[in-house]
Amino acid sequence: MLLSFVAAWLLMAPGCCSTSSTQVPTLPVLPSLQRATLDGTPGLWMDSDDAGRLAIWIHDVTGGESFRE
């Protein structure tokens, strides 16, 4: 489920935000990101460092409202 969410964000965020007048931070480089299949279900995998970078980017783009700490 988390992998689907990440994939959706990576695909939608630049397109959704391109019409906004607000400057969107560039997507982080995620060198560990790779396709993976678990029990026949395709998805994505990344290490914890890249997951952290992506979480910070999402926090910055959304203003932190979508995360509960």
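Here the structure is a predicted model, which is why all the values come from computation and not from measurement.

This part is about the environment of A55. Structurally, the position occupied by A55 is in helix α2 (residues 48-62). With relative accessibility at 35%, the residue A55 sits in the partly exposed group. Spatially, the C-alpha atom of A55 lies 10.0 Å from that of P28, the residues being 27 residues apart in sequence.

Pairing between strand β1 (residues 34-38) and strand β2 (residues 41-45): 5 bridges, direction antiparallel. Counted as the bridge partner of R35 is L44 from β2. Here β1 folds back onto β2, and the loop between the two strands holds 2 residues, one of which, D39, carries a positive phi near 55°.

What the rule picks out here adds up to 1 salt bridge. In this structure, D50 and R53 form a salt bridge, with 2.4 Å as the shortest nitrogen-oxygen distance. Highlighted residues: D50 and R53, both in helix α2, separated by 3 residues, approximately one helical turn. Of the residues examined, R53 reaches a relative accessible area of 38% and is grouped as partly exposed.

About the thresholds
- Residues numbered from 1 in each chain as written.
- Predicted model: local features only at pLDDT ≥ 70, side-chain atom pairs only at ≥ 80, totals over all residues.
- Heavy atoms only, no water.
- Helix = DSSP H or I, 4+ residues; strand = E, 2+ residues; numbered from the N terminus.
- Buried < 20%, exposed > 50% of the residue type's maximum accessible area, 1.4 Å probe, protein only.
- Pairing = 2+ DSSP bridges.
- Salt bridge = Lys/Arg side-chain N within 4 Å of Asp/Glu carboxyl O.

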